[in-house]
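# Report on the structure
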Amino acid sequence: MKNRQEDLYSMEKQKLQELKILSAKIRKDILEMLEKRGYGHMGGSLSIVELMSVLYGKQLRYDAKNPKWEDRDMIVLSKGHAGPAWYSALAENGFFEREWLFTLNDGGTNLPSHPDRLKTPGVDMTTGSLGQGTSAAAGIATGFRMKGSGQYVYLIVGDGELNEGQCWEAFQYIAHYRLNQCIVIIDENKKQLDGTTEEIMNPFSIADKMKAFGFHTQTVKGNDEEAIDAAIENAKLVKNQAACIVLDSVKGAGVPYFEQLDGNHSVKFNHDEILEANHKAIQDLQKFIEGGAR
């Protein structure tokens, strides 16, 4: 007979496996929906897959059948071009039918290229104009504090997006007022639309900058569900300081071909090499999903 400690460890392993399967489903959905569309924001969607898996598979308080539940936690995806990752997480967790994913960016779709709170169940903030999400999340967290709720808002910001001065103005506000109900998550995938962040506007150490601004700052691997979950748990323990998690991630993460592709911010499925790499990745992910679910 197992002792209680072994039972708890077994449960933790099972949850981690569930998160890894969810990550594989989200990644597979992204590849399939963008190929169906013929183009789309590949790199920055893939780099936040594990984060979305942890949020929707473990950390986030939500009711998929009642997306406007008053006590829900919220997400502000300030890097709105990564919408496909969010849409997949929502679909895989019951906010809408998975078939919606294949209407991405169609005329009249409920899943536009960038998130729209008036169109998509589960989206609480319209984003896409880079930098603006930081201010919106700061406002949401202020509202949570004013009403005395225990809700969290998770702000997801891209490293290239930090070229926008508005981010730093909002960070200063969040840090000054110690808005620990706003967990700032920076996706440091080191590339942006037309090159590396170092080439375009060297960010130096993002973690050091956030610490200097007054944030309790952690850095974790962006593809490690267990580390991301632990970092969020640690951030929730911070009571008198703003909290930031820097994801040390890879643009195009989880698919070697797209990781190595220079122009992987937005990919066009316009030649055989890309299609073959995409199909192989989809097949590999499906095998993992089927094997892990047994």
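The structure we're discussing is the one just above.
Because the structure is predicted, anything quoted here is derived from the model rather than measured.

## Focus: the side chain of Q181
- Here Q181 is to be found in the loop between α6 (165-176) and β4 (182-188).
- Accessibility expressed as a relative area gives 12% for Q181, which makes it buried.
- Those residues in contact with Q181 that sit more than four places away from it in its chain are A141, F144, R145, S149, G150, Q151, Y152 and V153.

## Points about helix α9 (residues 225-237)
- Helix length check: α9, at 13 residues, gives a terminal C-alpha distance of 19 Å against a target of 18 Å (1.5 Å per residue), a fit within 8%.
- Looking only at α9, the buried set comprises E225, I228, D229, A231, I232, A235 and K236. Projection of α9 onto a plane perpendicular to its axis shows the buried side chains occupying an angular sector of 160°, all on one side. Turned more than 90 degrees away from the buried face of α9 sit E226 and L237, all of them exposed.
- For α9, the N-terminal cap is D224; the gap from its side-chain oxygen to the backbone nitrogen of E226 is 3.1 Å.

## With respect to the sheet that holds strand β7 (residues 215-221)
- Across the sheet, five strands lie side by side as β2-β3-β4-β8-β7; this open sheet has parallel pairing. Strands at the two margins of the open sheet, each flanked by one partner only, are β2 (74-77) and β7. Here the average twist between neighbouring strands, direction ignored, is 20°.
- Both β7 and strand β8 (residues 242-248) contribute to a ladder of seven bridges, which runs parallel. In the strand pairing of β8, H216 is matched with A243.
- Packed on one face of the sheet, α9 meets β3 (153-158), β4, β7 and β8 and runs near 170° to β7.

What counts, and where the lines are drawn
Residues numbered from 1 in each chain as written. Predicted model: local features only at pLDDT ≥ 70, side-chain atom pairs only at ≥ 80, totals over all residues. Heavy atoms only, no water. Helix = DSSP H or I, 4+ residues; strand = E, 2+ residues; numbered from the N terminus. Buried < 20%, exposed > 50% of the residue type's maximum accessible area, 1.4 Å probe, protein only. Contact = heavy atoms within 4.5 Å. Expected span 1.5 Å × (residues − 1). Arc of directions from axis to C-beta. Polar contact = N/O pair within 3.5 Å; in protein donor to acceptor, adjacent residues only side chain to side chain. Pairing = 2+ DSSP bridges. Axes fitted to C-alpha atoms, helices over the stretch in contact; angles between N-to-C directions.

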